[in-house]
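Listed here are the chains, written in short residue letters.
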Amino acid sequence: MRPAAFSSEAVSAIALTLQLATLSTLILLVLATPLAWWLSQTRSRWRTPLGALVLLPLVLPPTVLGFYLLVLLGPQGWVGQLTQALGLGPLSFSFSGLLLGALVFSLPFAVQPIQSSFEAMGARPLEVAATLRARPLDAFFTVALPLARPGLLTAAVLSFAHTVGEFGVVLMVGGNIPGQTRVVSTQIYGHVEAMEYTQAHVLAAGMVLFSFIALWVLMRLQSKQRRKQA
Amino acid sequence: MAAQFSLCVGSSPIARRIGLMLSAALLLALPSRAQQVQVAVAANFAAPAKALAAQFEQASGHKLALSFGATGQFYAQIRNGAPFAVLLAADEETPEKLQAQGLAVAGTGQTYATGRLVLWSKQAGLVDGQGHVLRAPLPGRLALADPRLSPYGRASAEVIAALGLTLRGQAVEAAHIGQTYQFIASGNAALGFVALSQVYENGRLREGSGWIVPESLHKPIRQQAVLLRAGSGQPAAAQFLSYLRSAQAQALVASYGYSP
């Protein structure tokens, strides 16, 4: 009996992964854009500590991040107590908890590229906009944001791909529950531990292919953009 | 020129619709008739657990949702409100600790499998059936799981001590028994102590050579199951635990390289 390449388990894990990555990327773009703008413009003394805080998930081991999220979101943690007081129950081991985790561990991947774009732009375009009597908010939407387009694109692709690829945090916060928090990476882990190497290979190779294509498309778009600007 | 921003914000209803569609598809995929029991399974028991689950599901009509992970990780998760009904741990300390702390139902701990240790090499003929290879200068590195973290690692250290061996500089420690197997299977270590269940199939070694270590050389590696607080109101969870004690389940477990 040959196992089917894509079992219903695999399909459910893939659907959940795509749902998680799509939602977290959209939310991250909305959250990261103003944050990146503030970090690129402010002269506040909070700029460097906050910038460091945003970068923290990039260097922390996923087990550390996952453990703290687990404790924070759990019934004794303050986020867990808050969500329980709001009648939502603890978020750990639920899709919402996974989504919150994804927002944290992919945050630097969203903020960094947008911030770099804003910084590369310099003060000049906004000064010109101001002399043309554009109000700051107006100038942000009509001048700064369009100029930061390559950064927004990079942020979207990187945070999507990174969420798809994350394993340690997802395993810790999600609990690897089929149909609820079992994504492709934790599904592969289960296959490897059960020595079901064929199924593991199918999913793992799919992951490699997906990540390669995502990065390739990103590089192409970036080089096209650069040619346009040149 | 404002088009770029509306693309960022304006697409959230679409995302919500996609999310709703996906959630609906997932809900439809779940069966509504039988009870679903969430079981946390020590990763080293993944293969037999799947076979046991299939047998139990067929006999009872209930559904088991198996989650695989490390026992220590499950302990942290259960303390923080994980919804698991049953834990199949890789040791006996964790279920005992959970019972003592009121996170598991007291008195429900039971040994569902006793692990066997094997000195194994991927190379045929390298390990003899009596373990004499340990007496001679070793042919390369010897891998074992971290004795402080893994029950199999602790048993390995007990065997080394019982045989009076000194392995200075030749032993490499892996984080867990799965990694120990990978060290040896990839050829980075010539031989090492792994769980028999990792290299055993249909009553014999799948490949390579090995010495099945006599159980007299180490304390028994008991893997215990326990009914967790979240499962105390679920009859199907208790039913699964009593199925694990059945002769049928025990025979299935033994066929994967565990002691009966």
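Residues numbered from 1 in each chain as written. Chains lettered and ligands numbered in written order. Predicted model: local features only at pLDDT ≥ 70, side-chain atom pairs only at ≥ 80, totals over all residues. Heavy atoms only, no water.

1. As for the interface of chain A and chain B
Item 1. Facing the 40 residues of chain A at the interface are 36 residues of chain B.
Item 2. Counting each side, the surface lost to burial between chain A and chain B is near 3,000 Å², with a carbon and sulfur contribution of 66%.
Item 3. Area buried by chain A at its contact with chain B is led by Phe93(A), Glu193(A) and Met195(A), which between them contribute 16% of it.
Item 4. For the pair chain A and chain B, the number of links is one salt bridge.
Item 5. Seen at the junction of chain A and chain B, the total is seven residue pairs in polar contact (both at pLDDT 80 or more).
Item 6. A per-element tally of the side of chain A that touches chain B places helix 1 (residues 8-41) of chain A first, with seven residues.
Item 7. Of the residues in the side of chain A that touches chain B, the class split is 24 nonpolar, 12 polar and four charged. (Contact = heavy atoms within 4.5 Å. Buried area = accessible area lost by both parts, 1.4 Å probe. Salt bridge = Lys/Arg side-chain N within 4 Å of Asp/Glu carboxyl O. Polar contact = N/O pair within 3.5 Å; in protein donor to acceptor, adjacent residues only side chain to side chain. Helix = DSSP H or I, 4+ residues; strand = E, 2+ residues; numbered from the N terminus. Nonpolar A, V, L, I, M, F, W, Y, C, P; charged D, E, K, R; others polar.)

2. Considerations on the sheet that holds strand 11 (residues 209-212) of chain B
Residues and elements named next belong to chain B.
Item 1. Strand order across the open sheet formed by five strands is 7-6-8-5-11, with mixed pairing between neighbours. Every other strand in the sheet has two partners, leaving strand 7 (171-174) and strand 11 as the edge strands with one partner each. Between one strand axis and the next, the sheet turns by 30° as a mean value, whatever way the strands run.
Item 2. Bridge count between strand 6 (residues 142-145) and strand 7: four bridges; the pairing is parallel. Along strand 7, the bridge assignment pairs Leu142 with Ala171.
Item 3. Relative to strand 6, helix 6 (residues 151-162) is tilted by about 130°, and along the sheet it contacts strand 5 (117-121), strand 6 and strand 8 (191-195).
Item 4. On the sheet, helix 7 (residues 177-185) packs against strand 5, strand 6, strand 7 and strand 8 and is oriented at approximately 145° with respect to strand 8. (Pairing = 2+ DSSP bridges. Axes fitted to C-alpha atoms, helices over the stretch in contact; angles between N-to-C directions.)

3. Details of empty space enclosed by the protein
Item 1. Applying the stated criterion to the full structure yields three cavities of 30 Å³ or more.
Item 2. The volume enclosed by the largest cavity comes to roughly 50 Å³.
Item 3. Taken together, Glu9(A), Asn176(A), Arg182(A), Thr186(A), Gln187(A), Gly190(A), His191(A), Lys50(B) and Phe68(B) form the lining of the largest cavity.
Item 4. With four residues, helix 11 (residues 184-193) of chain A is the single largest residue contributor to the lining of the largest cavity.
Item 5. Counted by class, the lining of the largest cavity contains one nonpolar, five polar and three charged residues. (1 Å grid on protein atoms, 1.4 Å probe; cavity = no way out; pocket = protein on both sides within 12 Å on 5 of 7 lines; lining within 4 Å. Points joined across faces, edges and corners; volume = space filled by probe spheres on them.)

4. Comments concerning the packing of aromatic side chains
Residue and element names in this part refer to chain B.
Item 1. Using the criterion set out here, one finds 16 aromatic pairs over all chains in the structure.
Item 2. Centre to centre, the rings of Phe74 and Phe84 are 5.5 Å apart; their planes meet at 80°, and the pair counts as edge-to-face. Taken together, the positions of Phe74 in helix 4 (residues 71-79) and Phe84 in the loop between helix 4 and strand 3 (86-88) put the pair 10 residues apart, joining distant regions of the chain.
Item 3. With a relative accessible area of 0%, Phe74 lands in the buried category. (Phe/Tyr/Trp six-rings, centres within 6.5 Å; stacked < 30°, edge-to-face > 60°. Buried < 20%, exposed > 50% of the residue type's maximum accessible area, 1.4 Å probe, protein only.)

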